[in-house]
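As a plain string of letters, each chain reads:
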Amino acid sequence: MIVGIGDTEECQPPPEFTHPLDALDPSVPAAGPVLDIVTIDGTTTADAVAKLEDGHGPSNGILANQSLAVEKSLSNSSSSSASSSDKAIDAVNHVIEREDKLQQVTKRTRTLEKIIFVTSLSSLILMAYALVVLQWLLPYYYAVSAPLLIGLRIGLYIKYKWQYFLIDFCYFGNTLLCIFLWATPWLPEFFLVLFGLAHGPLAWATVLFRNSLVFHNTDKMTSVYIHVLPLFVTYGIRWYPDRLSQHWYTAFVSTFSEDVTYMFIWLVAVSFASFMFHMVRKLLCFICCLTL
C-alpha cells in the first residue's frame, strides 16, 4: 500500500492528521487535508466510498446471499456428519444382531451334536451286542435304521444340490438288501449276490473312502453305517440263520449248495457283474449330465 500526501505547500509544517472516514462525515469538520490511501488495484479509499454511494460497490443483498450460502454449507456439513453417524450406528447394530444370531445357531448346533453323539454311540453299542448275543435283533435294527439314515441323507443332499452323489453303489447295495429282507429272504442265489457285494465293494469302500467314526457328525456316521450294516446283517444270516429267523416274519435261507462252480457264479461272477453294471450306468449318467 502506498501512502501519499496531497495539497501541501512547500516549507510548511505538516498539518494535523485527519482520518478519511472522518472527512466523509459532514458533522466532523476537516481539520486539514485528508490522508488518501491507494489500494493495490490503483483505486483510493475515496473512489471506493464514491462507488458505494453511487451503488456500484457490493450491495447488502450480495452480502446477504453470501451469508446464506455460508449458512447453507454449514447446515449441509452438519447434516452429512449426522447421516454418517447414523450409518455408523446402523452398521454397529447390524454386527451385534449378526453376532446374536451366530450365537443362537452355535448353541442349537452344539445341542444337536450332543444328541447325535449319544444316539450314534448307543447305536454302535447296541449293534455290537446284537451281533454277539441278540442276533435276531440285526434285521430289525437294519430295517429301521437304514431307511431312516438314507432318507435323511437324501433330504440333505437334495438341499445342498448334491443329489448326483446318491447314485453311488452303496445306495444300490442297501436297496438290494432291503428288497431281500422284506420280499425274498428265502432265495439262496439272491443272498449269495448280496453277501459278495456286502463283503466286497461295500466293505472296501470304508477303507478307500476313509470312513471315520465321528459320533457327533450325522453325515460321517451315516456313511459308516450304510457301508458296515449290510456286512453285519449278511454275516449274521450266513452263520446264524436260525437265530436271525427267530422273530422275523419268515425264515431266512439256511442251506447252500457246496458246488464250487455254483458258489463262484453267484458269489463272485454275478456280484462283480452287478457292480460293473452299476458303474457303467453311473458313468452314463455323468456323461448325460455333462452334455445337457
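In the block above lies the structure referred to throughout.
Residues numbered from 1 in each chain as written. Predicted model: local features only at pLDDT ≥ 70, side-chain atom pairs only at ≥ 80, totals over all residues. Heavy atoms only, no water.

*Asks:* What is the right way to read the packing of aromatic side chains from this model?
*Replies:* Describing an aromatic ring pair means giving the distance of the ring centres and the angle of the ring planes. Summed over all chains, the structure comprises 17 aromatic pairs. Relative to tyrosine 249, the ring of tryptophan 248 lies with its centre 5.6 Å away and its plane at 50°, an arrangement referred to as tilted. For tryptophan 248, a relative accessible area of 7% gives the class buried. Exposure remark for tyrosine 249: the relative accessible area of 47% places this residue in the partly exposed category. Between the NZ or CZ atom of arginine 238 and the centre of the ring of tryptophan 239, over which it lies, the distance is 4.4 Å. (Phe/Tyr/Trp six-rings, centres within 6.5 Å; stacked < 30°, edge-to-face > 60°. Buried < 20%, exposed > 50% of the residue type's maximum accessible area, 1.4 Å probe, protein only. Lys NZ or Arg CZ within 6 Å of the ring centre and 35° of its normal.)

*Asks:* Just checking my understanding: could you explain the layout of surface pockets for this structure?
*Replies:* To find the voids left in a structure, one rolls a probe of water-molecule size over its atoms. In this structure, the largest pocket occupies an estimated 540 Å³ of space. Lining the largest pocket we find 25 residues, and of these Asp168, Cys170, Ala205, Phe209 and His227 sit closest to its centre. When residues of the lining of the largest pocket are traced back to their parent elements, those giving at least two are α4 (137-159), α5 (169-182), α7 (201-208), α8 (218-239) and α10 (260-291). Across the lining of the largest pocket, the residue classes tally to 14 nonpolar, five polar and six charged. Lining the second largest pocket are 15 residues, with Thr119, Ser120, Ser123, Leu148 and Leu149 sitting closest to its centre. Take the lining of the second largest pocket: its biggest share by element is six residues, from α4. By residue class, the composition of the lining of the second largest pocket is nine nonpolar, six polar and no charged. (1 Å grid on protein atoms, 1.4 Å probe; cavity = no way out; pocket = protein on both sides within 12 Å on 5 of 7 lines; lining within 4 Å. Points joined across faces, edges and corners; volume = space filled by probe spheres on them. Helix = DSSP H or I, 4+ residues; strand = E, 2+ residues; numbered from the N terminus. Nonpolar A, V, L, I, M, F, W, Y, C, P; charged D, E, K, R; others polar.)

*Asks:* Looking at this model, I keep getting lost on empty space enclosed by the protein. Mind explaining?
*Replies:* In total, this model carries one cavity of 30 Å³ or more according to the counting rule given. Counted as a void, the largest cavity has a volume near 40 Å³. In terms of lining, the largest cavity is formed by Gly173, Leu177, Leu194, Leu197, Ala198, Leu202, Pro230 and Thr234. It is helix α6 (residues 188-198) that provides the largest number of residues to the lining of the largest cavity, a total of three residues. Of the residues contributing to the lining of the largest cavity, the split by class is six nonpolar, two polar and no charged.

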